[in-house]
Structure formats: C-alpha cells, structure tokens
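A closer look at the structure
So you can see what is in the structure, the chains are spelled out below.
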Amino acid sequence: MLKVGVLGAGHLGKIHLRLLQQSEKYELVGFYDENQEYAQKISKEFGYTNFNTIAKLIHAVDVIDIVTPTLSHYKCARAAIKSGKHVFIEKPISNTIEEAEEIIALANEYNVKGQVGHVERFNPAFIATKNMIENPMFIETHRLAEFNPRGTDVPVVLDLMIHDIDVILSVVKSKVKNISASGVSVISDTPDIANARIEFENGCVANLTSSRISMKNMRKTRFFQKDAYISVDFLEKKCEVVKMKDAPEVPGDFDMILQNAEGVKKQIYFSNPDVTQNNAILDELETFADAINNNATPIVTLDQATEALRVAHQIIACFKK
C-alpha cells in the first residue's frame, strides 16, 4: 500500500479523502488545508489526521493528491516533486502552460510519476465504447450545468469544457490545425457559456458547447465515423452505438435497410454496450497506484493534461479576439 496525503479538503478534497481511506491500494496518512480552523473541524468530524504544514505532510507520504484551487497546483506539485513524491493533480493540471511544462520537467528530473484528474476517461459509458471509436470525423459535445458559484473563478472552458477537450484529444489521433470559438459572460467576470470548433489535420472536426447557466444538466458526446455513430451520455452513464453494414441479399422482415442514390443498400443495427458501473474517482486514483507499483505509464499523463490545457487556452484566446 502506498502512503498518500491529500492537499485541500474542500468539496472534492473530502471525496478524495473518503475514497482513499476506503482504498486497498493506499494508506491515507492525512491531509493539509490552508484554512486550519476548517481543517481541524474536518479532522474532528471524520477522524483524518490534520497536518499543520504542507512540508510535514509531504515528508510523511509516497504520493501527494493535490485537490487545491487551480492557482496553487503548480506550487504544491513543485514542492512534492522536489521531495521525490509522486503526484496526482486534480484537473486542470495548472493555471498556465508554462507551469504545466515545468511540472513535466520536474517529474522527469526527479523520476516521479504524475497523473491528472480528467475523470471522464474513467466514466463507465466512455470505457464501454472507446474501443469502438475509430477515426471519428465529426464529434459534437454538450456539457451543460445549472449555476453553481463554485468554479466561477475560472472561465467555463477550464471549469467544464476541458473534460471534453481531454476526451476528444484521447480519441483523435491527429494534431490540432485550427481553433475558433466564442464565449459570453452572463453572470460571472469570465465566460459562462462557450462554443468552440476544433479542426484537426486529418480532417476531423469537433464542435464543443459548454454552459454553467443552463436550466438542466447535460453531458453528452456524439462521435460520427465511417459506418457508425456512437453516443455517450457521461451524466446518465449510458451509451448507444448505431452501425451500418452491407445489406443481406434477402433482408429479414424487421431489418432496417437504407438505400442511397447510387442504389447501395446498407443495413442499420443498434447496440447498447454493457456499461459496468464504477466509481470513476476511485478508479483514477487506484490506476495511478498501479502505474507507480508496476512502473507503468499513468492513464492520463502530465503531457496529455498539458495538451488539453493548451487547447483550452487557445479557445480562451479566441474570446479575447
């Protein structure tokens, strides 16, 4: 079991603390939160050991789980890595590209592993379909959330859209060629609703919409590729696959057949892949433990998270234009 400490005991930090305590792959040593009065309250209520400095917690563990506000990710990661500790960092990896690149350089220099909490990669509906997603040429995502003051310190792109950016970059095996986007600030100082179009060198186009002022919650992505359409509902954890194949010579009574202008007939068939329910946050933390113990590559690497952040910043730069 790896000894782990958590930095930050806010909403998400408390979830990480609870799951790490349950995990059979980690031994939860304790946590640190900047607000020591609040930290003592959490310690008393849940029984976690509260450390009064970051340095003491880092010294006592093998792995540091950083669940602090984005602005402090770099500072926390730097301190942990320089002490030779592996780091799990909540998304986004950091506030700036420069910080993210330095985190990568430090992890290489000190020979430690890092993973970033892009949790949708562990969503059971995505896991059930990702091996079927082959060379998608059009992708459409909608990530809509009801208003929550938590998270409005950053643009909706870094708060919500970055989940979809990471998922898209993980399935499109091509470089980004062009990005166009627009964003609107409605109740925050930063955009609350945004739309982006990402064009890739291989011709794939992704259209992303994110909002944190919606009347309902939605997290859906649709992948269109040759002879297939794949729909993933990240919120409901459901998926649907619609495929086409050459129609049989003699179709059955209930076969769905389409015929194009050239007379080519295709049979449509639907499938709902089995979705194995899981706890995505626990899975991402435990696969990181496996990567450390087996000296393997983490599922969401620091480099991948930096690329998602780079695209997010390019989208934000479009707003300023």
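Residues numbered from 1 in each chain as written. Predicted model: local features only at pLDDT ≥ 70, side-chain atom pairs only at ≥ 80, totals over all residues. Heavy atoms only, no water.

**Quick word on the UniProt feature "domain: Gfo/Idh/MocA-like oxidoreductase N-terminal" (unreviewed entry) in the protein**
When the UniProt feature table is mapped onto this chain numbering, "domain: Gfo/Idh/MocA-like oxidoreductase N-terminal" (unreviewed entry) sits at residues 2–118. The distance from the first to the last C-alpha atom of residues 2–118 is 21 Å, and the span holds 45% helix and 22% strand. (UniProt positions renumbered as here; feature names shortened; annotations may be inferred. Helix = DSSP H or I, 4+ residues; strand = E, 2+ residues; numbered from the N terminus.)

**Observations regarding a nonpolar patch on the surface**
A cluster of nonpolar residues, Phe147, Val184, Val186, Ile187 and Ile193, forms a patch on the protein surface that exposes about 430 Å² of accessible area. Mapped onto the secondary structure, valine 184 falls in strand β7 (residues 176–184). (Patch = residues over 30% accessible without salt bridge, like charges linked within 9 Å, V, L, I, M, F, W, Y side chains within 5 Å. Areas by Shrake-Rupley, 256 points an atom, 1.4 Å probe, with all protein chains shown as cover. Salt bridge = Lys/Arg side-chain N within 4 Å of Asp/Glu carboxyl O.)

**A few points about unusual backbone geometry**
Going from lysine 91 to proline 92, the amide bond is cis rather than trans, its omega being -15°. Relative to the elements of secondary structure, proline 92 occurs in the loop between β4 (86–90) and α5 (97–109). Positioned with a positive phi, asparagine 111 is a non-glycine residue whose angle comes to about 55°. Although it is not a glycine, asparagine 135 sits at a positive phi angle of roughly 50°. Residue placement: asparagine 135 occurs in the loop between α6 (124–129) and β6 (138–144).

**Brief notes about the environment of serine 210**
On the secondary structure map, serine 210 appears in strand β9 (residues 205–211). Among the residues examined, serine 210 registers a relative accessible area of 0% and is labelled buried. With sequence-adjacent residues up to four places away left out, serine 210 is seen in contact with Arg143, Val156, Leu160, Met161, Asp164, Asp192, Ile193 and Ala194. (Buried < 20%, exposed > 50% of the residue type's maximum accessible area, 1.4 Å probe, protein only. Contact = heavy atoms within 4.5 Å.)

**Digging into the nonpolar core**
With 91 residues, the main nonpolar core has Tyr26, Ile93, Val157, Ile165 and Ile315 as its most contacted residues. With near-sequence residues (within four places) excluded, valine 157 lies in contact with Ile162, Ile165, Ala194, Ala312, Ile315, Ile316 and Phe319. (Core = buried A, V, L, I, M, F, W, Y, C linked by side-chain atoms within 4.5 Å.)

**Points about the sheet that holds β6**
Read from one edge to the other, the open sheet built from nine strands follows the order β7-β8-β9-β6-β10-β11-β12-β14-β13, with strand pairing classed as mixed. With one partner strand each, in any of the chains shown, β7 and β13 (256–259) form the two edges of the open sheet. On average, each strand axis in the sheet is inclined to that of its neighbour by 15°, with strand direction left out of account. Pairing geometry for β6 and β9, over seven bridges, is parallel. Pairing of glutamate 140 across the sheet is with asparagine 207, part of β9. Contacts between helix α7 (residues 156–171) and the sheet are confined to β6, β7, β8 (193–200), β9 and β10 (218–225), with β9 contributing the most and set at about 155° to the helix. Against the sheet, helix α9 (residues 302–320) engages β7 and β8, with an angle of about 55° to β7. (Pairing = 2+ DSSP bridges. Axes fitted to C-alpha atoms, helices over the stretch in contact; angles between N-to-C directions.)

**Let's talk about the packing of helix α1 (residues 11–22) against helix α8 (residues 280–293)**
Two elements in contact, α1 and α8, have axes whose closest approach is 10 Å; the angle formed by their N-to-C orientations is 65°. Read as a crossing pair, α1 and α8 show a hand that is right-handed. In this structure, α1 contributes Leu12, Ile15, His16, Leu19 and Leu20 to the contact, and α8 contributes Ile281, Leu282 and Leu285. Here the contact of α1 with α8 is built from residues that sort into seven nonpolar, one polar and no charged. (Left-handed = near helix turned anticlockwise from the far one by under 90°. Nonpolar A, V, L, I, M, F, W, Y, C, P; charged D, E, K, R; others polar.)

**Overview of α9**
Because each turn of an α-helix spans 3.6 residues, side chains separated by three or four positions in sequence point in the same direction. Helix length check: α9, at 19 residues, gives a terminal C-alpha distance of 27 Å against a target of 27 Å (1.5 Å per residue), a fit within 8%. In this structure, the buried side of α9 is in contact with β4, α5, β5 (114–117), α7, β7 and β8. (Expected span 1.5 Å × (residues − 1).)

**So, the packing of aromatic side chains**
Counting across every chain of the model gives six aromatic pairs. Plain terms: the ring middles of phenylalanine 224 and tyrosine 229 are 4.9 Å apart, the flat faces sit at 40° to each other, and that makes the pair tilted. Residue tyrosine 229 is classed as partly exposed on the basis of its relative accessible area, which comes to 22%. Pairwise contacts between aromatic rings join Phe31, Phe46 and Tyr48 into one cluster. Looking at arginine 143, its charged tip hangs above the ring of phenylalanine 234, at a distance of 5.8 Å from the centre. (Phe/Tyr/Trp six-rings, centres within 6.5 Å; stacked < 30°, edge-to-face > 60°. Lys NZ or Arg CZ within 6 Å of the ring centre and 35° of its normal.)

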